[in-house]
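Below are the chains, spelled out letter by letter.
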Amino acid sequence: MPPLESPPDAFSAPAQNAGLADGHGRRFSYLRMSVTDRCNFRCTYCLPNGFKKQAGLAPELSVEEMVRAVRAFAALGLWKLRLTGGEPTVRQDFTAIARTMADVPGVRRLAMTTNGYRLAERAQDWRDAGLHAINVSIDTLDPASFASVTGHDRLADVVCGVDRALEVGFDAVKVNTVLMSSLDEAEWDRIRAFVADRPVAWRFIELMRTNDNAEWQAGEAQSGDLVRARLACEGWVARPRKAGAGPAVDYAHADFAGTIGLIAPYAHGFCDSCNRLRLSSRGKLHLCLFGEGGLDLRPLLQHDEQLEELIAAIRRAMPDKSAGHRLREGDSGTTPHLASIGG
Ligand code: SAM
Ligand code: SF4
């Protein structure tokens, strides 16, 4: 496969991106929309006991409600949209959602995040639906450990899915891997072999504390410094971040088609370049992954005629966006786990 010429995030931002700002001088170009909080996996750091339906919750947003929301955010200058969850692909209408969102005026970049369990069979459909970029979660390349982390012995299927995503022409294929204490020499060898001839961006993510995983996280979390030091030692070179890029730093090496990178939410200054907002699967606007309950936009998603009112409500919320999360102080806000809000 051809080498990764430039980081997948290098997609250039539209020149006009001045729409929505918060009170800390940050501008917002990127919406992460959760389409469901359900999931079929049981990742140890996220839903260790599997998804449990909560009684009395409103239904998930309909496609019509999502379209109204995305139209409003696009009118405010957000041009990159990620479909996430829970596991977004457990929604039977996921492909239709993707196709519909790809057509919303102003959406220039459509991405998804998935645990990959259906990727091998559906990659072509999702690409054809208009998705440009895909993030696949693989926390370990050891089959037994994968089964133990996720509750599913499906590593081979997920790896096939990554290869299929490359074949069908997604222009950015990334792998998310949560940085845990199990990262040993053997795992590094497997990761290097994985990116040797695959033009994927492998990204370690520092394990974040949530309200449900607090105690366990304290024993498992590893600092991203370990990754930085290892990559520098092995001759990997950090690529400059481009406009519109996320918080990841990607490292390249002449001997490898792919890159290895790091997302380090515990690093000082991580929130300074925040460019994203989140909409939950039940219509709540979350200004931060680790904020409070969220602003319920659903009442304003019921009719097309509410567009102006919806736009005004989003604008009014922006000054409340905090300068940064308080994870280092052990404060995860009201977030029980990332599946609840769209990781
Ligand atoms: N189910 C999909 C998946 O796993 O890719 C999408 C939703 S999941 C919440 C999105 C990403 O958040 C995954 O890559 C997952 O590994 C990551 N994640 C979940 N909980 C996390 C935590 N506590 N700390 C860091 N990353 C986390
Ligand atoms: Fe499901 Fe993703 Fe959470 Fe794993 S990380 S339990 S796949 S939502």
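Scroll up to find the structure.
I will try to describe carefully the structure that is included in this document. Please read these numbers as outputs of a predicted model, since none were measured by experiment.

Another aspect to go through is the site of ligand 2. Around ligand 2 sit Cys39, Phe41, Cys43, Tyr45, Cys46, Leu47, Gly86, Asn115 and Ala339, and those are all the residues in its vicinity. A per-class count over the shell around ligand 2 returns seven nonpolar, two polar and no charged.

Here we come to the sheet that holds strand β11 (residues 259-263). Taking strand neighbours across the sheet as the criterion, the twelve strands line up as β9-β10-β11-β8-β7-β6-β5-β4-β3-β12-β13-β14 in an open arrangement whose pairing is mixed. Here the strands that pair on one side only, and so sit at the sheet edges, are β9 (237-238) and β14 (295-296). Sheet analysis places strand β12 (residues 276-279) next to strand β13 (residues 284-286), joined by two bridges and oriented antiparallel. Bridge assignment links Leu279 to a residue of β13, and that residue is Leu285.

Right, let's talk about the site of ligand 1 for a bit. Lining the immediate environment of ligand 1, one finds 18 residues, of which Tyr45, Gly86, Ser137, Asn176 and Met208 sit closest. A distance of 3.2 Å is found between an oxygen atom of ligand 1 and a backbone nitrogen or oxygen belonging to Thr114. Within the contact set of ligand 1, a nitrogen atom lies 3.5 Å away from a side-chain nitrogen or oxygen of Asn213. Relative to its free-state accessible area of 540 Å², ligand 1 is covered by the protein chains to the extent of 95%. Among the residues making up the shell around ligand 1, the classes are represented as six nonpolar, ten polar and two charged.

When you line up the elements, Asn275 lands in the loop between β11 and β12. Of note is the side chain of Asn275, whose polar atom sits 3.1 Å from the side chain of Arg276.

Our focus in this paragraph is the packing of helix α1 (residues 63-75) against helix α2 (residues 94-102). Following both chains from N to C, one finds α1 and α2 inclined at 30°, their axes separated by 10 Å at the closest point. With respect to α2, the axis of α1 lies roughly parallel. For the element pair α1 and α2, the recorded crossing hand is right-handed. Between α1 and α2, the residues in contact are Val63, Met66, Val67 and Val70 and Ile97, Thr100 and Met101, respectively. Residue composition of the contact of α1 with α2, grouped by class: six nonpolar, one polar and no charged.

This next bit is on α2. Here α2 has its buried residues at Phe94, Thr95, Ile97, Ala98 and Met101. The buried residues of α2 occupy an angular sector of 160° when projected down its axis, which confines them to one face. Those residues of α2 hidden inside the fold are in contact with β3 (30-36), α1, β4 (80-85), β5 (109-114) and α3 (119-129).

Looking now at the nonpolar core. One finds Leu83, Met101, Ile138, Trp202 and Leu277 to be the most contacted residues of the largest nonpolar core, which totals 87 residues. The greatest single-element share of this core, amounting to seven residues, is contributed by α1. Setting aside anything within four residues of it in sequence, one finds Ile138 in contact with Phe146, Leu155, Val158, Val159, Val162, Val175, Asn176, Thr177 and Trp202.

Here is what the cut-offs are and how they apply
Residues numbered from 1 in each chain as written. Chains lettered and ligands numbered in written order. Predicted model: local features only at pLDDT ≥ 70, side-chain atom pairs only at ≥ 80, totals over all residues. Heavy atoms only, no water. Near = heavy atom within 4 Å. Nonpolar A, V, L, I, M, F, W, Y, C, P; charged D, E, K, R; others polar. Pairing = 2+ DSSP bridges. Helix = DSSP H or I, 4+ residues; strand = E, 2+ residues; numbered from the N terminus. Polar contact = N/O pair within 3.5 Å; in protein donor to acceptor, adjacent residues only side chain to side chain. Areas by Shrake-Rupley, 256 points an atom, 1.4 Å probe, with all protein chains shown as cover. Axes fitted to C-alpha atoms, helices over the stretch in contact; angles between N-to-C directions. Parallel < 35°, antiparallel > 145°, perpendicular 65-115°, else oblique. Left-handed = near helix turned anticlockwise from the far one by under 90°. Contact = heavy atoms within 4.5 Å. Buried < 20%, exposed > 50% of the residue type's maximum accessible area, 1.4 Å probe, protein only. Arc of directions from axis to C-beta. Core = buried A, V, L, I, M, F, W, Y, C linked by side-chain atoms within 4.5 Å.

Geometric values such as these leave the question of function open.
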